[in-house]
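What follows is the residue order along each chain.
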Amino acid sequence: MKSISAGRVHLPTRNVLACLTQRSSGRVLVVRRKYHDESFGFRKARDFTIPDYTSDQLTNRAVNAPLLRYADSLRTHGHRAASIDPLDLLRRERVAALDPIRYGLDDPARTFDVDGIIWTGEGQQEWNLENITSFLNAVYVGRIAYEYMDLPSKTERLWFAKLLESQSALEPITVINADRQKNIHALLAKSEVLDNFLQVKFPNLKRYGLEGGESMLPALDALFEAASKAGMTQLIVAMPHRGRLNLLTGLLEYNPTSLFHKIKGGCEVDESLGVSGDVLSHLVASPTLQYGEADGIKVSLLPNPSHLEAVSPVALGKARAKQYGLLKTLSSGKDNQDCMLGDKVMCVQLHGDASFTGQGVVMETLGLSGLPHFTSGGSVHIVVNNNIGYTTPASSARSSFYCSDIAKMINCPVLHVNGDSPEDVVRAVDIAFKYRNHFRKDIVIDLIVYRRWGHNELDEPAFTQPLMYEKIRSRSSVPKLYEDKLISDGVISVEAAQAVRDSYKAALNTALTDVTSYVPPPVSFEGAWKGMVWPASPAAREEKTGVSSAVLRDVGKASVHVPEEFEIHSRLNRHVKSRLRSIESGEGVDWASAEAMAFGSLMLEGCDVRIAGQDVGRGTFSHRHAMLVDQKTEGVIVPLNHALTEAKGKLELANSSLSEMAVLGFEYGASWERPDLLPIWEAQFGDFFNGAQIIIDTFIASSETKWLKQSGIVLLLPHGLDGAGPEHSSCRIERMLQLTNDSYVAQEKVNVNMHVVFPTTPAQYFHLLRRQIKRNYRKPLIVAAPKGLLRLPAASSRLTDMGPGTAFQPVLQDPLTLANPKAVQRIVLLSGKIYYDLAKERETRNLESSVALIRVEELAPFPFAALSEALAPYSDANTQLEVLWVQEEPRNQGAWEHVQERIEEVLKGLGVDGGVAYRGRKEDAVSAPGTGKLYKVQQLAVLESAFQGL
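Throughout this description, residue numbers start from 1 for each chain and increase along the sequence as written. Side-chain atom pairs in this predicted model are given and counted only at pLDDT of 80 or more, local residue features only at pLDDT of at least 70, and totals for whole chains, interfaces and linings cover all residues. Excluding hydrogens and water, the side-chain values take into account all heavy atoms of the structure.

## A look at the overall build of the chain
Phase 1: By definition, any uninterrupted DSSP run of H or I lasting at least four residues is a helix, any uninterrupted run of E lasting at least two residues is a strand, and each is numbered from the N terminus. Scanning the chain from N- to C-terminus turns up 31 helices and 28 strands.
Phase 2: Taken against the 2.2 N^0.38 rule, which gives 30 Å for 950 residues, the C-alpha radius of gyration of the chain at 32 Å falls within 12% of a compact globule.
Phase 3: Dimensions of the chain along its principal axes, counting C-alpha atoms only, are 105 × 80 × 55 Å.
Phase 4: Each of the 950 residues in the chain was classed as buried or not, and the buried ones make up 59%.
Phase 5: Within the chain, counting contacts between residues at least 6 apart in sequence, those at least 24 apart form 81% of the total.
Phase 6: Charge assignment in this entry is limited to Lys and Arg as positive and Asp and Glu as negative, and neither His nor the chain termini are counted. Just so you know, the charge point we use is NZ for Lys, CZ for Arg, CG for Asp and CD for Glu. One way to put it: in the chain the 104 positive side-chain charges average out to a point 4 Å from where the 111 negative ones average out. Throughout, the radius of gyration refers to the C-alpha atoms, and the reference size of a globule is 2.2 Å times the residue count to the power 0.38. Exposure categories follow from relative accessible area, calculated using a 1.4 Å probe and restricted to protein chains: below 20% of the type maximum is buried, above 50% is exposed, and the middle band is partly exposed. Whether two residues are in contact is decided by their heavy atoms: any pair within 4.5 Å suffices.

The structure is reproduced here in structure tokens:
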């Protein structure tokens, strides 16, 4: 990695408009590009066209308009009559639109020219009505049903029609020979054997088995094989609990002995690493599978929390991050669409029917799937549809007819398939993969199955669904039905079928016996994570994060570099000049400049930076302006990418949809993939993080403890009471602190699950960002970010504060009182922006020498040693010190409840009596008042309380 202190940065003068123009007939034509087209990471979906109808076909469609209407009706409404429900529970009425008589077609013997109406390939074009009806019903009213006619793209509609009609009935799209049938049988039979084995050996186990939905396994096997043969190398899989053990052991090569070790109470990893582990239904695997002569394909099943669907955006983010290199591959002189996302990596998302319609994160994640800074090249979704959610029937679980209807919000095609027909399931998967791989868009397979038991094997489902479960208990299992079919067709003998079951059962018995000597395998860092260490290990180290002043100046200038002939908004000229002035003088460096210096210096060291949120390019408070928009062309540049020509790293500014949970989950997934990426999610206001609370609780705060998954995710949460009301004031610091495992006493080696900070200077923020990358381990960072401080002259820094040898300071001493600590009568400990209000009030009262203001910049891990060092001069002078904690947040909020005992532990170590007293707002149900007048009264009272009695 190249050192950024070695040289200066070259600022190019190349006219950026050169990339926005074309030369034609000696003239220069300005090409108007859509907003963001030039920003790094922007990827639009590829445009496709299929040859339109010929003039003869158009004439024929007009002449035979009734037949055209009939054919389109089968394509549009055939799914309503298809045999896709194993239990036949879907309430279906006769579909009149499928009757040819409705279109005046009443003579079965009448012949038609079907050219341009039905896509029969190169075959005969003259068909009689009887054959046409039989053909279209075979394609559209079978055990696979299609919803694609509502797609707005004619190209996609034609693609489906041509694929299905030119091959489905005449020559199957997917030929399933005897070998493949035997493979399907083995997958189904082994799944059933596992479920039966676990039921016998562990009758009280909640295993969330796959009984009734076994066709999920041949579906995934077919998908993995198709992806492998298409040249893919990585699949990222997200799935819930049901059938997870069957997938792990049946397809993902998970050691059954490890499974039984876990069932018997063991930990899935080495317990000496200090992990608590997770439940059985969240186990993971990441094998490399081999399909024929194709190169191996790595299938990574991600860990998931019990909050259904929460893992989906995480998987999407990880899948995109795996392809980050593609985003940098721009062939000289060629369109960047040559670099296709999805060529080598695909996201596979499994869902339950109830959660797919009920969990809002599904809608949020679908909404990200086609966005230029979030697409991963298309996902294949498989909804394992039990037609029930816990005990809630479909009729009470959704307002739509199909559980998949939510996907229509992104114009996503849907294939419904009967889970009782495994071969049709495989065919549906093959069609779905072909679509995804061609268009690089999402597609949904609605795999309609049933759940043989209740929500888990200990439930009695007949309490609430007696008729459904009477039908389920009277029928043979899916594996047995398919096995009987193969025996009847002569594909497999009775003895061979039984041998599959017997051999697998014997292997499971052997694996169960081996549990007594089983030891979990060691965990190591591989791939991009090689060289990282566990945070609690002796090898964990902190690095100085300062940078040479020369590089800081060059990066700072680059961050506001405006190319010639690029016309920025007139009001930004002052912004640019102000930042350049502070960089030249080395004084008054603001937050946006410090942030840009952190980003740019990391980019020069080869690291990438990605910041996502609803207004990150400009900044919610119009302070960042990390991207510039030409006022005449709407062309966009990101100055750091444009001007730092020596940087190998890139800055991606991902202005997001108005989503919190999915976007944060996406960024978190990216953080799992790449330790050399600085991933940042910025909330528009800190208060809005609560829309993503599930991601924070179940992933960010707990992944390392549960799954040994490190993350360097940064959450920027603008925080501070300023009269903006109860939803624009607080990032709920108290909640973040409550989620930490921060110790109440000082420890020699600290391993807190995430860092929570409230910096008060741009330099401190600069060091925090660089620290995320410079350490040889990764931790989530929660930043109570500034609002009013962004432009406050007092809250600025000098370049020397970010220079060589400098680093983040968890506690900031008061330089005004340190010279004469004996004169100090009161110490005010605080965190955040209230420092500047208190400093101004102290000056007004002429108390600079008698009141020390000490800032606790890092709240977790609590800085015991640093605070003790900061307080020592005062405690040596006076053991009767009065110590206050002052905050502007209400008493039941903010940092008070977190810091009280810890401060007293420090004071006790210094021999200071009396503890620490609280000053601030009283308890409140809201984070801030909604009335400006009340805010001012309360804020004044807080300030007065800090100096009362002096």
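## Some details on the sheet that holds strand β8 (residues 297–301)
Note: strands within a sheet are paired through backbone hydrogen bonds, in either parallel or antiparallel orientation.
Phase 1: Strands pair, by our definition, only if DSSP identifies at least two bridges between them. The sheet built from 8 strands is open, its strands ordered β5-β13-β14-β10-β9-β6-β8-β7 with mixed pairing. The two strands at the open ends of the sheet, each matched to only one other strand, are β5 (144–147) and β7 (288–289).
Phase 2: Relative to strand β14 (residues 443–448), strand β13 (residues 414–418) runs parallel, the two sharing 5 bridges. In the sheet register, asparagine 418 faces β14, and the bridge partner there is isoleucine 448.

## Structural notes on the nonpolar core
Phase 1: Tyr140, Phe160, Met216, Phe224, Leu252 and Phe260 are the most contacted members of the largest nonpolar core, which totals 108 residues.
Phase 2: Not counting chain neighbours up to four residues away, the residues in contact with phenylalanine 160 comprise Tyr148, Leu151, Pro413, Leu415, Ile431, Tyr435 and Ile443.
Phase 3: Counting 72 residues, the second largest nonpolar core, distinct from the first, contains Val311, Ala612, Phe666 and Cys731. Buried Ala, Val, Leu, Ile, Met, Phe, Trp, Tyr and Cys residues that are joined via side-chain atoms within 4.5 Å together make up what is termed a nonpolar core.

## Some words on the packing of helix α2 (residues 65–77) against helix α3 (residues 129–140)
Phase 1: The convention used is that axes are lines fitted to C-alpha atoms, helices contributing only their stretch in contact, and that angles between N-to-C directions extend from 0 to 180 degrees. Put simply, α2 and α3 touch, their axes get as near as 9 Å, and they point 20° apart. Judged on the interaxial angle alone, α3 and α2 are roughly parallel. Crossing hand, α2 versus α3: right-handed. Along its contact with α2, which presents Leu67, Tyr70, Ala71, Leu74 and Arg75, the element α3 presents Ile132, Thr133, Leu136, Asn137 and Tyr140.
Phase 2: Just so you know the grouping, Ala, Val, Leu, Ile, Met, Phe, Trp, Tyr, Cys and Pro go in nonpolar, Asp, Glu, Lys and Arg go in charged, and all remaining residues, Gly too, go in polar. Partitioning the contact of α2 with α3 into residue classes produces 7 nonpolar, 2 polar and 1 charged. By definition in this entry, angles of less than 35 degrees are roughly parallel, angles greater than 145 are roughly antiparallel, angles of 65 to 115 are roughly perpendicular, and the rest are oblique. By the definition used in this description, the sense in which the near helix is turned from the far one sets the handedness, with an anticlockwise turn below a right angle giving left-handed and a clockwise turn giving right-handed.

## Side note on the pattern of salt bridges
Phase 1: Each salt bridge in this description consists of a side-chain nitrogen of Lys or Arg and a carboxyl oxygen of Asp or Glu lying within 4 Å of one another. Enumeration over the complete set of coordinates arrives at 50 salt bridges.
Phase 2: Lysine 485 is paired through a salt bridge with aspartate 489; the nearest N and O atoms lie 3.1 Å apart.
Phase 3: Since its relative accessible area comes to 48%, aspartate 489 is described here as partly exposed.
Phase 4: Three or more residues are tied together by salt bridges with common partners; here these are Arg320, Arg610, Glu652 and Glu667.

## Description of the sheet that holds strand β18 (residues 651–655)
Phase 1: In space, the 7 strands of this open sheet follow the order β18-β15-β19-β20-β22-β21-β26, with mixed pairing throughout. Each edge of the open sheet is held by one strand with a lone partner, namely β18 and β26 (858–860). The sheet shows a mean angle of 20° between the axes of neighbouring strands, taken without regard to direction.
Phase 2: As paired elements, strand β21 (residues 755–757) and β26 share 2 bridges and run antiparallel to each other.

## Things to note about the packing of aromatic side chains
Phase 1: Paired rings are identified among Phe, Tyr and Trp, the last through its six-membered ring, by centres lying within 6.5 Å, and are further divided according to the angle between planes into stacked (under 30 degrees), edge-to-face (over 60) and tilted (the rest). In total, this model carries 28 aromatic pairs according to the counting rule given.
Phase 2: Centre to centre, the rings of tryptophan 672 and phenylalanine 699 are 5.9 Å apart; their planes meet at 65°, and the pair counts as edge-to-face. Within this pair, whereas tryptophan 672 is found in helix α22 (residues 661–673), its partner phenylalanine 699 is found in helix α23 (residues 693–700), the two being separated by 27 residues in sequence.
Phase 3: The exposure class of tryptophan 672 is buried, given its relative accessible area of 3%.
Phase 4: On the basis of relative accessibility, which here comes to 0%, the residue phenylalanine 699 falls in the buried class.
Phase 5: Through a chain of ring-to-ring contacts, three or more aromatic side chains come together here, namely Tyr140, Tyr146, Tyr148, Trp159, Phe160, Tyr435 and Phe439.
Phase 6: The criterion is that NZ of a Lys, or CZ of an Arg, lies within 6 Å of the ring centre and within 35 degrees of the ring normal, and then a charge sits over that ring. Its end group placed over the ring of tryptophan 119, lysine 162 keeps NZ or CZ at 4.6 Å from the ring centre.

## A word on the confidence of the model for the chain
Residues shown with low pLDDT carry predicted positions that ought not to be read at fine detail.
Phase 1: Residue-level confidence of the predictor is what pLDDT reports, using numbers from 0 through 100. Across the chain, the average pLDDT comes to 90, with 94% of residues at 70 or higher.
Phase 2: Contacts for the low-pLDDT stretch residues 1–36, under 50 throughout, to residues beyond four places or in other chains number 81 contacts.

## Some remarks on the pairing of strand β28 (residues 916–921)
Phase 1: Summarising the sheet, strand β27 (residues 882–890) and β28 pair through 6 bridges and their orientation is parallel. When the sheet's bridge partners are listed, tryptophan 885 is paired in β28 with tyrosine 918.
Phase 2: In this view, the connection linking β27 to its parallel neighbour β28 by way of helix α30 (residues 896–910) has right-handed handedness. Throughout, right-handed denotes a crossover for which the path from the first strand over the helix to the second runs clockwise when the strands point away from the viewer.

## A short note on the environment of cysteine 731
Phase 1: The topology assignment puts cysteine 731 in the loop between β20 (714–718) and α25 (733–738).
Phase 2: Through-space distance from the C-alpha of cysteine 731 to that of alanine 683 is 9.3 Å; in sequence the pair is 48 residues apart.
Phase 3: In contact with cysteine 731, not counting residues within four places along its chain, are Gly686, Asp687, Phe689, Leu717, His719, Met736 and Ala784.

## Overview of the side chain of serine 376
Phase 1: Positionally, serine 376 belongs in the loop between α12 (360–368) and β10 (379–385).
Phase 2: Serine 376 gets classed as buried once you look at its relative accessible area, which sits at 1%.
Phase 3: Among all residues touching serine 376, those that are not within four sequence positions of it are Leu316, Ala319, Arg320, Gln323, Leu341, Gly342, Val345, Cys347 and Arg436.

## Some details on the side chain of asparagine 418
Phase 1: Secondary-structure assignment places asparagine 418 in strand β13.
Phase 2: Residue asparagine 418 is classed as buried on the basis of its relative accessible area, which comes to 7%.
Phase 3: A 3.5 Å cut-off defines polar contacts: any pair of N or O atoms within that distance qualifies, except that in protein one atom must be a possible hydrogen donor and the other a possible acceptor, and neighbouring residues in sequence count only when both atoms are side-chain atoms. For asparagine 418, the side chain forms a polar contact with the main-chain oxygen of serine 83, separated by 3.1 Å.

## A look at helix α6 (residues 216–229)
Since the α-helix turns once every 3.6 residues, residues separated by three or four places project in the same direction.
Phase 1: An expected span of 1.5 Å times one less than the residue number is assigned to each helix. For α6, which comprises 14 residues, the first-to-last C-alpha distance of 20 Å matches the rise-based estimate of 20 Å (1.5 Å per residue) to within 8%.
Phase 2: With 13 of 14 residues buried, α6 is to be regarded as a mostly interior element.
Phase 3: Positive phi appears at glycine 231, one or two residues downstream of α6, with a value of about 95°.

## Concerning the packing of helix α18 (residues 549–558) against helix α20 (residues 591–604)
Phase 1: Where α18 meets α20, the closest approach of the two axes is 9 Å, and the angle between their N-to-C directions is 110°. Taken together, the axes of α18 and α20 are roughly perpendicular relative to one another. The residues of α20 that touch α18, namely those facing Val551, Leu552, Val555 and Gly556, are Ala596, Met597, Gly600, Ser601 and Leu604.
Phase 2: Of the residues belonging to the contact of α18 with α20, the class tally is 6 nonpolar, 3 polar and no charged.

## Considerations on α22
Phase 1: In this model, α22 (13 residues) spans 19 Å end to end at C-alpha, consistent with the 18 Å of a helix rising 1.5 Å per residue.
Phase 2: Burial within α22 is extensive, with 13 of its 13 residues counted as buried.

## Section: unusual backbone geometry
Phase 1: The step from alanine 860 to proline 861 runs through a cis peptide bond, and the omega angle for that step is 0°.
Phase 2: Tracing the backbone through its elements, the reader meets proline 861 in the loop between β26 and α29 (864–877).
Phase 3: Phi is positive for glutamate 309, close to 75°, though the residue is something other than glycine.
Phase 4: Secondary-structure assignment places glutamate 309 in the loop between β8 and α9 (311–321).
Phase 5: Under the relative-accessibility criterion, glutamate 309 is labelled buried at 6%.
Phase 6: One non-glycine residue with positive phi stands out, namely glutamate 634, at about 60°.

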